[in-house]
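# Reading the structure
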Amino acid sequence: MMPAIIFSYGGQMKPTLDSDLLRTFVAVADTGNFTKAAEQAGRTQSAVSMQMKKLEDVVGDSLFERGSRGVALTRRGGELIVNARRIVSLLDETAASMVAAPLGGPVRIGIPEEYGHAILSRALGAFAKRHPQVDITVRYAHSGAQIAALAAGELDLAVVFEWQDLSGGEVLMHDPTVWVTSELHHMHEERPVPIALYNRAGWCKDFAIKSLEQRGLAYRVAYTSDTNGGLRLAVTSGLAIAPISRSNIPAGCRELTAADGFGDIDSSNVVLRRNPNASGEAIDGMEEAIREAFTNR
């Protein structure tokens, strides 16, 4: 029997809110489509529709707006999705903790800064609750440094960008780097266009600058930084345009496409590498947690 959440308002009991309804609700919200949510849940589309109708009856308001391309959350649905995600996540973590024995030992992870919040926080949050005895060390650095640290035995797992030859590591996602501009400042319209770059010369010369030169775009380097956060700051503050992975474009900014006279800078893959000498259940568990975090991003 699925757990249920019971709401009480001023002492008046409302109908129970089954967690199975919330799980389906999250699936529909994530996919924006009843059919895809049904496939994900292993149900028929009509069953998912009935569940959402039941949930709307319980809530007393509509949760979705139907459109030609699928569904979008209403204001009430947007309010509910926050707690629905928390409830589903807590149930999943509780179930996992009941079947998995706590692990122990050290795990050393290297990951690009841009995935620290969106990906690593999700992986660490679930993993740390299940395995509080694991000693986790995280290193933020560019891919070249992470690969060198992995080869030197200083890391157990590393998430890196690979732009050309694949190493044989596990591809977690395709995330090309693109030129990004502020929707407020429009710095891409200036000539020469001001650009922000990493301090590291190799990738910037071989990919970012080359992409401008191939399109005949005059540029000037207006800002340099060691970190992705620095490049994001340069764009959002209106100092320059910058090369940023497509999945990490800041709010209020947009990708510069071929229609703007720009285009993709590289066709990078995000790859998970593991030290071949690293073994242990804690490392196995963290590897799986990182994989799941990317899959469910």
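Before going into details, it helps to say that this report is about the structure given with it. (Residues numbered from 1 in each chain as written. Predicted model: local features only at pLDDT ≥ 70, side-chain atom pairs only at ≥ 80, totals over all residues. Heavy atoms only, no water.)

## Quick notes on the overall build of the protein
Looking only at helices and strands, the protein features 9 helices and 16 strands. Sequence separation of 24 or more characterises 71% of the internal contacts of the protein that already satisfy a separation of 6 or more. A total accessible area of about 15500 Å² is found for the protein, and carbon and sulfur atoms account for 52% of it. (Helix = DSSP H or I, 4+ residues; strand = E, 2+ residues; numbered from the N terminus. Contact = heavy atoms within 4.5 Å. Areas by Shrake-Rupley, 256 points an atom, 1.4 Å probe, with all protein chains shown as cover.)

## Overview of the pattern of salt bridges
The final tally for this structure, using the stated rule, is 17 salt bridges. Notably, a salt bridge pairs Glu-170 with Arg-291, separated by 2.8 Å at the nearest N-O pair. A residue pair is termed long-range when its members are at least 10 positions apart, and Glu-170 in strand 10 (residues 170-174) and Arg-291 in helix 9 (residues 281-295) qualify at 121 residues. Owing to a relative accessible area of 30%, Glu-170 belongs among the partly exposed residues under this scheme. Asp-260 is the salt-bridge partner of Arg-254, the closest N and O atoms lying 3.0 Å from each other. Salt bridges sharing common partners tie together Glu-170, Arg-274, Asp-284, Glu-287, Glu-288 and Arg-291. (Salt bridge = Lys/Arg side-chain N within 4 Å of Asp/Glu carboxyl O. Buried < 20%, exposed > 50% of the residue type's maximum accessible area, 1.4 Å probe, protein only.)

## What to know about the pairing of strand 6 (residues 70-73)
The pairing of strand 5 (residues 64-67) with strand 6 spans 4 bridges and is classified as antiparallel. From the neighbouring strand, Gly-67 faces strand 6, where its bridge partner is Gly-70. The hairpin turn running from strand 5 into strand 6, its antiparallel successor, is 2 residues long. (Pairing = 2+ DSSP bridges.)

## Brief notes about the environment of Phe-161
As for its position among the elements, Phe-161 is in strand 9 (residues 157-162). The sequence separation of Phe-161 and Asp-175 amounts to 14 residues, and the corresponding C-alpha distance is 8.7 Å. Each residue touching Phe-161, except ones within four places of it in the same chain, is listed here: Pro-112, Glu-114, Tyr-115, Ser-143, Asp-175, Ser-245, Ser-268, Asn-269 and Val-270.

## Notes on the nonpolar core
In terms of nonpolar packing, the biggest core is built from 27 residues, with Trp-179, Ile-195, Leu-197, Trp-203, Ile-241 and Phe-262 touching the most fellow members. Put simply, the parts of the chain that give this core at least two residues each are strand 11 (177-182), strand 12 (193-198), helix 7 (201-214), helix 8 (228-236) and strand 14 (242-245). Broken down by element, the residue count for this core peaks at 6 residues, all from helix 7. When residues no more than four places from it in sequence are discounted, the contact partners of Phe-262 are Trp-179, His-188, Leu-212, Arg-215, Leu-217, Ile-241, Leu-256 and Thr-257. Among the nonpolar cores identified, the runner-up in size contains 24 residues, and Ile-111, Phe-127, Leu-157 and Leu-172 belong to it. (Core = buried A, V, L, I, M, F, W, Y, C linked by side-chain atoms within 4.5 Å.)

The quantities given are spatial measurements derived from coordinates; they are silent on function.
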